[in-house]
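Coordinate inspection notes
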Amino acid sequence: MIVNYGYADASGDYYIVINTDKCDGCGDCIAACPQNILELAEDDYGDVVVKVRDQVRSKVGYVCPGFNPGCSKNKVNCRSVCKHDVISHTW
Amino acid sequence: MIVAGVDIGSLSGEAVIIKDDDILSYSIVRTGAHSAKTAEKATEEALKKTSLSFKDIEYTVATGYGRIVVPFANENITEISCHAKGANYLFPSVRTILDMGGQDCKAIRCNETGKVTNFAMNDKCAAGTGRFCDVMAEVLDIPLEEIGEVSLQAEKAAMVSSACAVFAKSEVVTLLRSGSPKSEILSGIHEAIADRVFGLLQRVGIEKDFIITGGIAKNIGVVKKIAGKAGLEPLISEEPQIVGALGAALFAKERYNKG
């Protein structure tokens, strides 16, 4: 399942896109996130996969620095530690 | 086997009771301050239409915004999965679902078994929701149930640039003062809503068949605008507000059978 966490508003698209079909639930991305946005949880079909914490969903654009303007500059980030290319960002 | 699905939304609560493979009855009630009481009331209303009582229900799944506070539910499942399952039961050919609820709006893609494959949700603002329509109907002093039909009488749509409920409200007041016909203002409002939700639909991709669920599916004005943008005629079920609760009941059946 592809899950789009976030929203589009007048200033742009702020979605963290998670492909749960590829996620093995290792949790490496959770430790790599400087903002503590991610967590592991069981989805409706019984798979334990990464998700964006509920409290962050409606303010993703403010809490997550984004990939291109933000964490791509860090040596370690949620995408660099993922072996399966689960996470992407729209900004 | 008798099971129930209860969907506690932000503005309304629904219950669906299923016996084996058939829908026995359903109910729609306004959401009160207590989600638990809303859930009880919805279930009781649905039971009233049958010869059953609470103790006959063998398994209950709760869904929706208030799903975690339904005391008699055996389990709770997100409304995303429930809408996909409910839509798949009503129309097995459905692959794209747009649920326009009281306070949020979701675009969902599902496969032939009704399993969610992709979804996006707008829970940041009231644009494209029942609450937005509520506010506009109030400003224009037209009953909510009639705004869809009234908007169809418009020859052109008034320009409502903002889909933000707060800003759009002041735009509408200005339009009213300048003498624009209410039908044209409504047409403009519906255009703004359709624009907003179309963005959400594009995020997940639109594949036919396409269904609109939730209370706004009853607003023919919005439905026509979305159909125009999507280039697809959406399916609307007989009672679009109960699709989530129906999905929950179908999950209840599945989980009960699994033991």
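This structure is a prediction, so every number in the text was calculated from the model and none was measured.

About the thresholds
Residues numbered from 1 in each chain as written. Chains lettered and ligands numbered in written order. Predicted model: local features only at pLDDT ≥ 70, side-chain atom pairs only at ≥ 80, totals over all residues. Heavy atoms only, no water. Helix = DSSP H or I, 4+ residues; strand = E, 2+ residues; numbered from the N terminus. Rg over C-alpha atoms; globule rule 2.2 N^0.38 Å. Contact = heavy atoms within 4.5 Å. Phe/Tyr/Trp six-rings, centres within 6.5 Å; stacked < 30°, edge-to-face > 60°. Buried < 20%, exposed > 50% of the residue type's maximum accessible area, 1.4 Å probe, protein only. Lys NZ or Arg CZ within 6 Å of the ring centre and 35° of its normal. Buried area = accessible area lost by both parts, 1.4 Å probe. Salt bridge = Lys/Arg side-chain N within 4 Å of Asp/Glu carboxyl O. Polar contact = N/O pair within 3.5 Å; in protein donor to acceptor, adjacent residues only side chain to side chain. Axes fitted to C-alpha atoms, helices over the stretch in contact; angles between N-to-C directions. Parallel < 35°, antiparallel > 145°, perpendicular 65-115°, else oblique. Left-handed = near helix turned anticlockwise from the far one by under 90°. Disulfide = S-S within 2.5 Å.

Here we take up the overall build of chain A. If you tally the helices and strands in chain A, you get 2 helices and 5 strands. Taken against the 2.2 N^0.38 rule, which gives 12 Å for 91 residues, the C-alpha radius of gyration of chain A at 12 Å falls within 12% of a compact globule. Each principal axis of the C-alpha atoms in chain A carries an extent, and together these give about 35 × 30 × 20 Å. Considering only intrachain contacts with a sequence separation of at least 6, the fraction spanning at least 24 residues in chain A is 51%.

A few words on the packing of aromatic side chains. Considering all chains together, one arrives at 4 aromatic pairs over all chains under this definition. Where Tyr 14 of chain A meets Trp 91 of chain A, the ring centres are 5.3 Å apart and the plane angle is 80°; that geometry is what we call edge-to-face. Residue Tyr 14 of chain A is found in strand β2 (residues 12–19), and its partner Trp 91 of chain A is found in the segment after β5 (87–89); the two are separated by 77 residues along the sequence. Neither Tyr 14 of chain A nor Trp 91 of chain A differs from the other in exposure class; each is buried. In this structure an aromatic cluster arises from ring pairing among Tyr 7, Tyr 14 and Trp 91 of chain A. Positioned above the aromatic ring of Phe 67 of chain A is the side chain of Arg 79 of chain A, whose terminal nitrogen or guanidinium carbon lies 3.5 Å from the ring centre. Here the guanidinium or amino end of Lys 115 of chain B rests over the ring plane of Tyr 45 of chain A, the centre of that ring lying 4.8 Å away.

Okay, the interface of chain A and chain B next. Chain A puts 17 residues into the contact, and the matching count from chain B is 19 residues. Carbon and sulfur atoms supply 44% of the area buried between chain A and chain B, which totals about 1600 Å² over both sides. Where chain A touches chain B, the interface holds 0 salt bridges. Inspection of the chain A/chain B interface yields 10 residue pairs in polar contact (both at pLDDT 80 or more). Counting only elements with at least two residues in the side of chain A that touches chain B, the list comes to β1 (2–9) and β2 of chain A. Top element by residues in the side of chain A that touches chain B is β1 of chain A. It accounts for 7 residues.

Right, let's talk about the packing of helix α3 (residues 130–140) of chain B against helix α6 (residues 182–204) of chain B for a bit. Residues and elements named next belong to chain B. As a packed pair, α3 and α6 sit with axes 11 Å apart at the nearest point and diverge in direction by 165°. With respect to their mutual orientation, α3 and α6 come out roughly antiparallel. In this structure, the crossing between α3 and α6 has a hand that is right-handed. Residue-level inspection shows Phe 132, Cys 133, Met 136 and Leu 140 of α3 in contact with α6, the latter providing Lys 182, Ile 185, Leu 186, Ile 189 and Ile 193.

Turning our attention to the pattern of salt bridges. In total, this model carries 18 salt bridges over all chains according to the counting rule given. Notably, a salt bridge pairs Asp 99 of chain B with Lys 106 of chain B, separated by 3.0 Å at the nearest N-O pair. Owing to a relative accessible area of 3%, Lys 106 of chain B belongs among the buried residues under this scheme. Via salt bridges that share partners, Glu 39, Lys 51, Asp 54 and Arg 57 of chain A belong to a single interconnected network.

On to the packing of helix α2 (residues 79–90) of chain B against helix α8 (residues 243–258) of chain B, then. All names here are of chain B. Between α2 and α8, the shortest axis-to-axis distance is 7 Å and the interhelical angle comes to 90°. The angle between α2 and α8 falls in the class roughly perpendicular. Touching Ser 81, Cys 82, His 83, Lys 85, Gly 86, Ala 87, Tyr 89 and Leu 90 of α2 are Val 243, Gly 244, Leu 246, Gly 247, Ala 248, Leu 250, Phe 251 and Glu 254, all from α8.

We now examine the state of the cysteines. Where two cysteines share a covalent bond between their sulfur atoms, that bond is called a disulfide. For the structure on display, the rule yields 0 disulfides over all chains. Cys 78 of chain A takes part in no disulfide bond, and the closest cysteine sulfur, belonging to Cys 71 of chain A, lies 6.4 Å away.

Honestly, it's all geometry; don't read function into it.
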